[in-house]
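# Examination of the molecular architecture
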Amino acid sequence: MAETKREIERKYDVGADAALPDLTGVAGVADVVHKGVVELDATYWDTPDQRLAASSVTLRHRTGGADAGWHLKLPVALADGVRDEIHAPLSPDVPRSLLGLVRSRVREAELIPVVRLLSARDLRHLVDERGALLAEVSIDGVVAERLTGSGATAEWSEVEVELADDGDPALLDKVEKKLKKAGVRRSDLPSKLSRALAETADAPPGENEARAARSRKADKKAGKKAGKKEAVAEAVKEAVGDGTGTAGDHVLAYLRAQRDALVALDPDVRRDLPDSVHQMRVATRRMRSAFKSFRKILDRTVTDPIGDELKWLAAELGVDRDQEVLTERLTSRIGAVPRTLLLGPVRGRLRIWTVARRSGSRRRTVAVLDGKRYLALLQSVDALLADPPLRPAAAAPVGKALPKAVLKDYRRLAARVEHALELPPGEQRDVAMHEARKAAKRARYAGEAATPALGKPAKRFAKRMKAVQSVLGDHQDSVVARDALRTLAIQAHLAGETAFTWGLLYGQEEAAAADRERELPEVWAEASRAKLRAALSS
């Protein structure tokens, strides 16, 4: 059974005869307990082209020490040196529980041993006045052997400081200050594996140093990428620079960022981390929306089939997420009803209905991610990015092509909003407002995609479109809730229960929808100000 812990550590370069300064002078450290020397033997696995290392993911089989077994380390978007370490018991082959977590990166490639590290770890525990562990500090003497290619070797020594579980990260800064005074400096490379790969690579003189620099950059970016939303715009901005590139360059950079987010979120979804399913759906929607918004830049005969598969994936991911959101809405409504108006087993009825609609999504979601269709989708996206189907407009400057695409989505939204507002309240208006909501989301994503190149005008545009989407989204949530409440009322009636409370809740949702319909003209007027459109067109 795999176990997970949050690893927060720092590494420092030292000579072979290095000695640690007295760390009892560090604030909060009462004693330094020497734990002896531990011999560690670790074999790191990767694909022949090192796909895991490129994503700052490490997979190893290690014996010796207190945590012998298989270890998978995934970057976390908090700070340098922070990773989630997932443990599995020793076995001859890579455990299935870990294989799934690297599948989005490995795909169908073979995993092979690439590096072996033998470490003599001279270990010390930093403890407080009660003897509780604060951090582990070790001097590691490392011998690395490349298991592929020339079989080159390398040797070095380093200091490793790892925070205890639930420890205060401020302690690491205090320890580092003490180490600096003793002449010990942070390592440029954050892991033993990255250093081993850099120093044992088959390369001409000087190239290993360049590899090390690239590895440092990749490790730093991997931590940021795990943060999803903010990192998407950052990655696009880095790829297209100051906005002077071509429209094709920009759109492809945006699509790569979404692909990277999709791949990075895969293990989070498998681990059932909070908000991971939602963020993965957002990545699929953004990519699909970009295909539609930038049809003048990318050939739709290639992108449309991929868009259809992205729609399928978003729907599969959303089966239980949508049910969860709906249940939370109804539960909140019930919680606000005075007790004197809660007639019948309302909460029990809602629980029965929710359980009946749940599809065992956790297993279903993992099955989707393990399926051939999902893997084929990832391969298709990779193929598109490797050989993009660019149209002539892709060669246009971003300042010319992107505003046209964004404003086209705006005009599409305008037509749908105006159509919805012309209809009388009822089912037809509900449908029209739902269509307008989808158009608002597409316009918002187009604005967000253009922001790294077009700057503040596109950012303001996306913000206004998000406001419109929010009003229309809340209206659609009310439509869905009313349909559910009608079903619950029927079930209650057939079971001989009173349907009074369900009818009361239905009326509240009807009133909420009417409020959103009255709010929409004002929000739309603000979002469609002429000077905002002019700024994008200039």
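The present account deals with the structure reproduced in this document. Starting from 1, residues in each chain are numbered consecutively following that chain's sequence as written. Since the coordinates come from a predicted model, pLDDT governs what is reported: local features require at least 70, and pairs of side-chain atoms require 80 or more to be given and counted, while whole-chain, interface and lining totals use all residues. Hydrogens and water are ignored here; the side-chain numbers use all heavy atoms of the structure.

### Some points on a nonpolar patch on the surface
Taken together, the side chains of Leu341, Leu343 and Phe500 define a hydrophobic patch exposed on the protein surface, amounting to about 230 Å² of accessible area. A run of H or I in DSSP becomes a helix once it reaches four residues, and a run of E becomes a strand once it reaches two; helices and strands are each numbered from the N terminus. Mapped onto the fold, leucine 341 is located in the loop between helix H9 (300-336) and helix H10 (346-357). Exposure classes here rest on a 1.4 Å probe applied to the protein chains alone. A residue is buried below 20% of its type maximum, exposed above 50%, and partly exposed in between. Leucine 341 sits in the partly exposed class, given a relative accessible area of 30%. Patch definition: residues with relative accessible area over 30% and no salt bridge; like charges joined within 9 Å; nonpolar side chains (Val, Leu, Ile, Met, Phe, Trp, Tyr) joined within 5 Å. Note on areas: these come from Shrake-Rupley sampling with a 1.4 Å probe, and a residue is covered only by the protein chains present in the view. Definition used for salt bridges: Asp or Glu carboxyl oxygen within 4 Å of a side-chain nitrogen of Lys or Arg.

### Details of the pairing of strand E7 (residues 133-146)
Direction of pairing for strand E6 (residues 112-127) relative to E7: antiparallel, over a ladder of 13 bridges. Note on E7: the bridge partner recorded for arginine 121 is aspartate 140. Here E6 folds back onto E7 in antiparallel fashion, the turn holding 5 residues, of which glycine 131 has a positive phi close to 90°. Where E7 and strand E8 (residues 153-163) come together, 11 bridges link them in antiparallel fashion. Across the sheet, alanine 144 pairs through a bridge with alanine 154, a residue of E8. For two strands to be treated as a pair, DSSP must find at least two bridges joining them.

### Some remarks on the side chain of serine 191
Inspection of the secondary structure puts serine 191 in the loop between strand E9 (185-186) and helix H4 (192-199). Assessed through its relative accessible area of 9%, serine 191 is described here as buried. Aside from chain neighbours lying at most four places away, what touches serine 191 is Lys11 and Arg83. Whether two residues are in contact is decided by their heavy atoms: any pair within 4.5 Å suffices.

### Concerning the pairing of E8
Burial of E8 is extensive: 9 of the 11 residues sit out of reach of the surface. Sheet topology places strand E1 (residues 3-14) next to E8; 6 bridges connect them, and they run antiparallel. Paired with tyrosine 12 across the strands is valine 159, a residue of E8. Joining the antiparallel neighbours E7 and E8 is a turn of 6 residues, in which glycine 149 adopts a positive phi near 70°.

### Some details on the layout of surface pockets
Space inside and on the surface of the protein is sampled on a 1 Å grid over the protein atoms alone, with a cavity defined as a set of points where a 1.4 Å probe fits but cannot get out and a pocket as an open set with protein on both sides within 12 Å along at least 5 of 7 lines; lining residues have an atom within 4 Å of a point. Grid points are joined across faces, edges and corners, and a volume is the space filled by probe spheres set on the points. By volume, the largest pocket amounts to about 1,500 Å³. For the largest pocket, the lining is made up of 40 residues, of which Arg281, Arg285, Arg437, Lys441 and Gln469 are closest to its centre. Of all the secondary-structure elements, those providing two or more residues to the lining of the largest pocket are helix H8 (276-293), H9, helix H13 (398-422), helix H14 (427-454) and helix H15 (456-494). Residues belonging to the lining of the largest pocket are distributed by class as follows: 8 nonpolar, 10 polar and 22 charged. Nonpolar residues are Ala, Val, Leu, Ile, Met, Phe, Trp, Tyr, Cys and Pro. Charged residues are Asp, Glu, Lys and Arg, and all others, Gly as well, are polar.

### Here we look at unusual backbone geometry
The phi torsion at serine 56 lies on the positive side, around 60°, for a residue other than glycine. Along the polypeptide, serine 56 turns up in the loop between helix H1 (51-54) and strand E3 (58-63). At aspartate 275, a residue that is not glycine, the phi angle is positive and equals roughly 70°. Looking at the element boundaries, aspartate 275 is found in the loop between helix H7 (247-270) and H8.

### Concerning the pattern of salt bridges
Two side chains that carry opposite charge are able to pair once their charged atoms sit near each other. According to the stated counting rule, one finds 53 salt bridges in the structure shown. Two residues, arginine 6 and aspartate 84, come together in a salt bridge whose shortest N-O distance is 2.4 Å. Taken together, the residues span a long stretch of sequence, with arginine 6 in strand E1 and aspartate 84 in strand E5 (residues 82-88) at a distance of 78 residues. For arginine 83, the salt bridge goes to glutamate 9, with nearest N and O atoms at 3.6 Å. Of this pair, arginine 83 sits in strand E5 while glutamate 9 is found in strand E1, placing the two residues 74 residues apart along the sequence.

### Section: the packing of H9 against helix H12 (residues 372-386)
The description of two packed helices rests on the angle between their axes and on the distance between the axes. Only C-alpha atoms enter the line fits that serve as axes; for helices the fit covers just the stretch in contact. Angles between N-to-C directions range over 0 to 180 degrees. Where H9 meets H12, the axes come as close as 10 Å, and the angle between the chain directions of the two elements is 145°. The way H9 lies across H12 gives a crossing that is left-handed. Contacts between H9 and H12 involve Val302, Thr303, Ile306, Glu309, Leu310, Trp312 and Leu313 from the former and Arg373, Tyr374, Leu377, Ser380, Val381 and Leu384 from the latter. Residues that form the contact of H9 with H12 fall into these classes: 9 nonpolar, 2 polar and 2 charged. For any pair of crossing helices, the crossing counts as left-handed if the nearer helix is rotated counterclockwise from the farther one by less than a right angle, and right-handed if it is rotated clockwise.

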